[in-house]
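Listed below are the residues making up each chain.
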Amino acid sequence: MVVVIWEVEIIGPIKAEDARSLKTLCENLGRKVNVVMNRSIQPELMMPDNKICVVSRIIQESVTNAIRHGNAKRIDINLAASKTRFELLIKDDGVGFNQTLPTAGTGILSMRERAASLPGGTFSIEAAVGRGTAISIKWGEQLGEA
């Protein structure tokens, strides 16, 4: 887990080559924590630096939760964009959890708040005991706008 936290510290705000930076982040996280990380991120993806930083932090929090609490061995990350809309979907094969029970940590709350900070941002989570977790974040933004 220290490795995931360390990764948060070293990337700082992501600049310029957004898609490549996010792909590298996913590869590094997967390699360092020995989890299969499948990622699908559009190669031409561009967004303002402050948005890419929010997205990277959500990815990092989700991966941390999947490993720490869900014992996930596989995490799929998909970031897609149209001309006006982005969608981030993160799924894991972990143990899942009962969404009706309160959680002790602040990870989900943090992701929800980060998603809400994006223009028109929404956050949803689907989880079930024994069936993993899926997190979806959607927001509006002009593709290529910086």
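This text follows the structure it describes.
Residues numbered from 1 in each chain as written. Predicted model: local features only at pLDDT ≥ 70, side-chain atom pairs only at ≥ 80, totals over all residues. Heavy atoms only, no water.

(A) Molecular detail of the overall build of the chain. Helix and strand counts for the chain come out as four helices and five strands. Put simply, the chain runs from its N terminus to its C terminus through helices and strands in the order α-α-β-α-β-β-α-β-β. Taking all 146 residues of the chain together, 44% fall into the buried category. Of all intrachain contacts in the chain linking residues separated by at least 6 positions in sequence, the fraction that spans at least 24 positions is 67%. Surface summary for the chain: the accessible area is close to 7,700 Å², and the carbon and sulfur share equals 53%. (Helix = DSSP H or I, 4+ residues; strand = E, 2+ residues; numbered from the N terminus. Buried < 20%, exposed > 50% of the residue type's maximum accessible area, 1.4 Å probe, protein only. Contact = heavy atoms within 4.5 Å. Areas by Shrake-Rupley, 256 points an atom, 1.4 Å probe, with all protein chains shown as cover.)

(B) Structural context of the packing of helix α3 (residues 49–68) against helix α4 (residues 107–116). Taken N-terminus to C-terminus, the directions of α3 and α4 make an angle of 160 degrees; their axes are 10 Å apart at the nearest point. Our classification of the angle between α3 and α4 gives roughly antiparallel. Once α3 is placed against α4, the crossing between them reads as left-handed. Along the contact surface, α3 presents Val54, Arg57, Ile58, Glu61, Ser62 and Asn65, while α4 presents Gly107, Ile108, Met111, Arg114 and Ala115. (Axes fitted to C-alpha atoms, helices over the stretch in contact; angles between N-to-C directions. Parallel < 35°, antiparallel > 145°, perpendicular 65-115°, else oblique. Left-handed = near helix turned anticlockwise from the far one by under 90°.)

(C) Expanded view of the nonpolar core. Grouped together as the largest cluster of nonpolar side chains are 35 residues, with contacts concentrated most on Ile59, Ile75, Leu79 and Leu88. Elements represented by at least two residues in this core include exactly α2 (18–33), β1 (36–41), α3, β2 (74–81), β3 (85–92), α4, β4 (122–127) and β5 (133–140). A total of eight residues in this core trace back to one element, the largest contributor, which is α3. Apart from the residues lying within four places of it in its own chain, the contact partners of leucine 88 are Val55, Ile58, Ile59, Ile77, Asn78, Leu79, Ile135, Ser136, Ile137 and Trp139. (Core = buried A, V, L, I, M, F, W, Y, C linked by side-chain atoms within 4.5 Å.)

(D) How the structure looks around α4. By the burial criterion, the buried members of α4 are Gly107, Ile108, Met111 and Ala115. Each buried residue of α4 sits inside an arc of 100 degrees when the element is viewed along its axis, so together they form one side. Considering only its buried residues, α4 is in contact with α3, β4 and β5. (Arc of directions from axis to C-beta.)

(E) Representation of the sheet that holds β2 within the structure. Spatial ordering of the open sheet is given by β1-β2-β3-β5-β4, a layout of five strands whose pairing is mixed. Each edge of the open sheet carries a strand with a single partner, namely β1 and β4. Across this sheet, the average inter-strand angle for adjacent strands is 10 degrees, counted without regard to direction. Contacts from α3 reach β1, β2, β3 and β5 within the one sheet, and its direction differs from that of β3 by about 15 degrees. (Pairing = 2+ DSSP bridges.)

(F) Structural context of the pattern of salt bridges. Tallied over the full model, the rule gives one salt bridge. Between aspartate 76 and arginine 74 there is a salt bridge; the shortest N-O distance is 3.2 Å. Classification of arginine 74 by relative accessible area gives partly exposed; the value is 39%. (Salt bridge = Lys/Arg side-chain N within 4 Å of Asp/Glu carboxyl O.)

(G) Region of the structure containing the layout of surface pockets. Taken as a whole, the largest pocket holds about 420 Å³ of empty space. Taken together, 22 residues make up the lining of the largest pocket; nearest its centre are Asn65, His69, Phe97, Thr103 and Ile108. For the lining of the largest pocket, the secondary structure elements donating two or more residues are α3, β3, α4 and β5. Considering each element in turn, the lining of the largest pocket owes the most residues, five residues, to α3. Partitioned by chemical class, the residues of the lining of the largest pocket number eight nonpolar, ten polar and four charged. (1 Å grid on protein atoms, 1.4 Å probe; cavity = no way out; pocket = protein on both sides within 12 Å on 5 of 7 lines; lining within 4 Å. Points joined across faces, edges and corners; volume = space filled by probe spheres on them. Nonpolar A, V, L, I, M, F, W, Y, C, P; charged D, E, K, R; others polar.)

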